[in-house]
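Next come the chains, spelled out residue by residue.
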Amino acid sequence: MPEFVEIFEVGPRDGLQNEKRLIPTAEKVALVDLLSRAGFRRIEVASFVSPKWVPQMADSAEVLAGIARAPGVSYAALTPNMKGYERARAARADEVAIFGAASEGFSRANINASIEESLARFAPVAEAARADGVPVRGYISCVTDCPYDGAVAPASVARVAARLRAMGCYEISLGDTIGQGTPEAVDAMLSAVLGEVPPDMLAGHFHDTAGRALDNIEVALGRGLRVFDAAVGGLGGCPYAPGAAGNVATEAVARRLADLGHETGLSLSVIEQAAAMARAMRAPRDEGETG
Ligand code: HMG
Ligand code: MG
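Computed from a predicted structure; not experimentally measured.

What counts and how
- Residues numbered from 1 in each chain as written.
- Chains lettered and ligands numbered in written order.
- Predicted model: local features only at pLDDT ≥ 70, side-chain atom pairs only at ≥ 80, totals over all residues.
- Helix = DSSP H or I, 4+ residues; strand = E, 2+ residues; numbered from the N terminus.
- Rg over C-alpha atoms; globule rule 2.2 N^0.38 Å.
- Buried ≥ 20, exposed ≤ 12 C-beta atoms within 10 Å, placed from the backbone.
- Contact = placed C-beta atoms within 7 Å.
- Axes fitted to C-alpha atoms, helices over the stretch in contact; angles between N-to-C directions.
- Parallel < 35°, antiparallel > 145°, perpendicular 65-115°, else oblique.
- Left-handed = near helix turned anticlockwise from the far one by under 90°.
- Arc of directions from axis to C-beta.
- Nonpolar A, V, L, I, M, F, W, Y, C, P; charged D, E, K, R; others polar.
- Core = buried A, V, L, I, M, F, W, Y, C linked by C-beta atoms within 7 Å.
- Expected span 1.5 Å × (residues − 1).
- Near = placed C-beta within 6 Å.
- pLDDT = per-residue confidence, 0-100.

1. Re the overall build of the protein chain
Here is step 1: On a plain count of helices and strands, the protein chain comes out with eleven helices and ten strands.
Here is step 2: Relative to the compact-globule value of 19 Å for 291 residues, the protein chain shows a C-alpha radius of gyration of 17 Å, a close match.
Here is step 3: Across its three principal axes, the protein chain shows a C-alpha extent of roughly 45 × 40 × 40 Å.
Here is step 4: With 291 residues in all, the protein chain has 52% of them scored as buried.
Here is step 5: For the protein chain, long-range pairs separated by at least 24 residues make up 75% of all intrachain contacts whose partners lie at least 6 apart in sequence.

This is the structure:
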């Protein structure tokens, strides 16, 4: 029996949050509805952050209201604080994610807080979600490299991972936000994090700036991880991570996993259609850009 490896589709959030063009809600809904037919268990479709910080995600409630929810699919949203959590609940997100960083520079630039302050903000979100029976995922950005602070110590990632686990995150996604991680750095980081969190509670989230994301996924597979975040069409980046290119493309990850003999449960033809739709949503001036 081939071993199951899950791709967590983050394109409608991590992909579209970085597009210069303000994409009409109907186009986002059409992309999510197509993705819902591909076989994903989880799709990140919304982000309840400040619309002043990320105007691209301001219509998140409308997206969640407009999609046709497929049975068995969890539609996820980012929630940086209680205000975001309340908006996500009102919009009936199936699960939420708190998102911190392993480097102080990125934490400050992305969510206007030190790492410690951010964890204090996440605690009530995790508490409320537990009371409401809403699953909470945790993200850690800059697990190997930070655009502001440079190389990140594996111990810093492990420390934040332990805190997110203690808060009740059911899974912690490890983000190579700017896609600069080498396989050696990813391996060293995982070695430290696995001292705090077991592999079945971890996910890999690799941006593909330097073209190493698939190699890094293989390193993480070797360390026992079985969930990887990806975005159809390789869209995206982070507005607060200068130089960050898109997430590794879902279609590339699905093909590599199939080559390695893993089962993803996904329809490659639906994913290819969604990738074409996602690429067509990019502003023409973005073509050929790497950031
Ligand atoms: P702040 O300015 O420190 O927040 O921002 P504040 O609490 O002082 O509030 C300021 C204003 O924002 C107030 O409005 C609040 O009501 C409003 P005003 O009184 O000025 O009119 N506000 C909100 N509005 C809507 N929803 C909310 C919300 N919170 C406050 N939830 C904050 C702090 C966290 C809000 C801000 O920094 C922010 O929104 N940052 C988000 C940045 C972001 O979305 N980055 C991209 C996602 S992370 C990522 O992509 C990485 C990842 O993919 C993994 C990886 O690749 O590494 C996950
Ligand atoms: Mg990301």
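Past the structure itself, the notes keep going.
2. Description of the packing of helix α6 (residues 115-132) against helix α7 (residues 154-167)
Here is step 1: At a minimum axis separation of 10 Å, α6 and α7 run at an interaxial angle of 20°. Relative to α7, α6 is oriented roughly parallel. In the crossing of α6 with α7, the sense of the turn from one axis to the other is right-handed. Every residue of α7 that contacts α6 at Ile115, Leu119, Phe122, Ala123 and Ala126 is listed here: Val160, Arg163 and Met167.

3. Structural notes on helix α4 (residues 82-90)
Here is step 1: All buried positions along α4 are accounted for by Gly84, Tyr85 and Ala88. Angular distribution of buried residues about the axis of α4 spans 100°; they occupy a single face of the element.
Here is step 2: For α4, the elements touching its buried residues are β3 (74-78), β4 (95-101) and α6.
Here is step 3: One or two residues past the end of α4 sits Arg92, with phi positive at roughly 60°.

4. Remarks on the packing of helix α2 (residues 25-35) against helix α11 (residues 268-280)
Here is step 1: One way to put it is that α2 packs onto α11 with a least axis distance of 9 Å and a crossing angle of 165°. The angle between α2 and α11 places the two elements in the roughly antiparallel class. The handedness of the crossing between α2 and α11 comes out as left-handed. Contacts between α2 and α11 involve Leu31, Leu34 and Leu35 from the former and Val270, Gln273, Ala274, Met277 and Ala278 from the latter.
Here is step 2: Looking at the contact of α2 with α11 residue by residue, the classes come out as seven nonpolar, one polar and no charged.

5. Some words on the nonpolar core
Here is step 1: Of all hydrophobic cores here, the largest spans 89 residues; its most connected members are Val45, Ala77, Val96, Ile140, Val157 and Val253.
Here is step 2: With residues near it in sequence (within four places) discarded, Val253 still touches Ile7, Ile217, Phe228, Ala230 and Val248.

6. Concerning α11
Here is step 1: End to end, α11 covers 18 Å across 13 residues, agreeing with the expected 18 Å (1.5 Å per residue, within 8%).
Here is step 2: Inspection of α11 places Ile271, Ala274, Ala275 and Ala278 among the buried residues, and these make up the whole buried set. Buried residues in α11, looked at end-on, bunch into an arc of 105°, giving them a common side. Projecting away from the buried face of α11 at angles above 90 degrees are the exposed residues Ser269 and Ala280.

7. Details of the site of ligand 1
Here is step 1: Around ligand 1 sit 26 residues in total, of which Val49, Gly84, Ser141, Gly175 and Thr177 are the nearest.
Here is step 2: Where the shell around ligand 1 is concerned, the elements lending two or more residues are α4, α5 (104-111) and β5 (136-141).
Here is step 3: For the shell around ligand 1, the element with the highest residue contribution is α4, accounting for three residues.
Here is step 4: By residue class, the composition of the shell around ligand 1 is eleven nonpolar, twelve polar and three charged.

8. Digging into the confidence of the model for the protein chain
As a note on interpretation, predicted positions should not be read in detail where pLDDT is low.
Here is step 1: Model confidence for the protein chain is summarised by a mean pLDDT of 94, while 96% of its residues fall at 70 or above.
Here is step 2: Ignoring residues within four places in sequence, the model shows residues 285-291, a span with pLDDT below 50, making eight contacts including any to other chains.
Here is step 3: Scored as a whole, the predicted complex attains pTM 0.96, and scored at its interfaces, ipTM 0.99.

9. Topic: unusual backbone geometry
Here is step 1: In this model, Arg92 sits at a positive phi of 60°, which is unusual for a non-glycine residue.
Here is step 2: Mapped onto the secondary structure, Arg92 falls in the loop between α4 and β4.
Here is step 3: At Cys142, a position not held by glycine, the phi torsion is positive, near 60°.
Here is step 4: Relative to the helices and strands, Cys142 is located in the loop between β5 and β6 (145-146).
Here is step 5: With 33 C-beta atoms counted inside 10 Å, the residue Cys142 sits in the buried group.

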